[in-house]
Amino acid sequence: VWSSPTGGCGLAMSRSIGDDIFTRIGVCATPVTSSCALLPSHKWLVLASDGVWEFLETERVVTLVELHEHASDSAMQLVQLAARAWAVEEGDDYRDDITAVVLQIPLLFPPRPPPSPPATPQATATPAANSKGRQTAGCDD
C-alpha cells in the first residue's frame, strides 16, 4: 500500500497495528485477535511474525522448541532458520521481518506444591525411670 502512485510513504501489508495514517487508503490499524485458555499440558507459547511462519510449519516449530531447555535458545534458532529459508528463496538481498518470542509456560505458571500430608497425631512420651528411680519424660536429669 503506497500513499501515492509515484512513491512516498509505503507499507507492504494490508494490516498494521497502529498505522492510522494509512486507513484512508485501506490499511486496517485494528488487529485481529483470538484467545484460548492455557491448560496444564501447554508447555510453550510461540509468538512470531509472518517472516517466521512463511517458511516454517507449525509442526517443525513445535519440534524445534521441544529440543531446547531455554526459550531464548528456541527463539534464536527460529530466527536463524527463517533467515536461512528467506535467503534460499529470495536471495541475500531481501527478507521479511523475522521476529520470534518463545515463552516457557511453566515459568509463567509454576506448578503448585503438592498438598501437605494429613496431620498425624503426636506421639506422647511414656514416663521412664531415671537412674535415681524417679519418673521422667524421657530426659536425663
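What you see is a predicted model; the values in this text were computed from it and never measured.

Concerning the overall build of the chain
Then, in step 1: The helix and strand inventory of the chain stands at four helices and six strands.
Then, in step 2: Burial status across the chain gives 19% buried among its 141 residues.
Then, in step 3: Sequence separation of 24 or more characterises 44% of the internal contacts of the chain that already satisfy a separation of 6 or more.
Then, in step 4: Of the roughly 11,100 Å² that the chain leaves accessible, carbon and sulfur atoms contribute 57%.

Some words on the packing of aromatic side chains
Any pair of aromatic rings gets described here by the distance separating the centres and the angle formed by the planes.
Then, in step 1: Under the defined criterion, the tally for this structure stands at two aromatic pairs.
Then, in step 2: Look at Trp86 and Tyr94: their rings are 5.8 Å apart centre to centre, the planes differ by 75 degrees, and that puts the pair in the edge-to-face class.
Then, in step 3: Relative accessible area serves as the criterion here: at 5%, Trp86 is assigned to the buried category.
Then, in step 4: An aromatic cluster is defined as three or more aromatic residues linked by ring pairs; in this entry it consists of Phe55, Trp86 and Tyr94.

Considerations on the side chain of Ser49
Then, in step 1: By the element assignment, Ser49 lies in the loop between strand E3 (44-48) and helix H1 (50-53).
Then, in step 2: Residue Ser49 is classed as buried on the basis of its relative accessible area of 12%.
Then, in step 3: With residues near it in sequence (within four places) discarded, Ser49 still touches Asp97, Ile98 and Thr99.

Some words on the nonpolar core
Then, in step 1: By size, the foremost hydrophobic cluster in this structure holds 16 residues, and its most contacted members are Val52, Leu56, Val65, Leu78, Ile98 and Val102.
Then, in step 2: Excluding its chain neighbours within four sequence positions, the residues that come into contact with Val52 are Ala82, Asp97, Ile98, Thr99 and Ala100.

Details of the environment of Asp73
Then, in step 1: Note on placement: Asp73 falls in helix H3 (residues 71-90).
Then, in step 2: The class for Asp73 is partly exposed, based on a relative accessible area of 38%.
Then, in step 3: When the C-alpha atoms of Asp73 and Val102 are compared, they prove to be 8.9 Å apart, with 29 residues separating the residues in sequence.

What counts, and at which threshold
- Residues numbered from 1 in each chain as written.
- Predicted model: local features only at pLDDT ≥ 70, side-chain atom pairs only at ≥ 80, totals over all residues.
- Heavy atoms only, no water.
- Helix = DSSP H or I, 4+ residues; strand = E, 2+ residues; numbered from the N terminus.
- Buried < 20%, exposed > 50% of the residue type's maximum accessible area, 1.4 Å probe, protein only.
- Contact = heavy atoms within 4.5 Å.
- Areas by Shrake-Rupley, 256 points an atom, 1.4 Å probe, with all protein chains shown as cover.
- Phe/Tyr/Trp six-rings, centres within 6.5 Å; stacked < 30°, edge-to-face > 60°.
- Core = buried A, V, L, I, M, F, W, Y, C linked by side-chain atoms within 4.5 Å.

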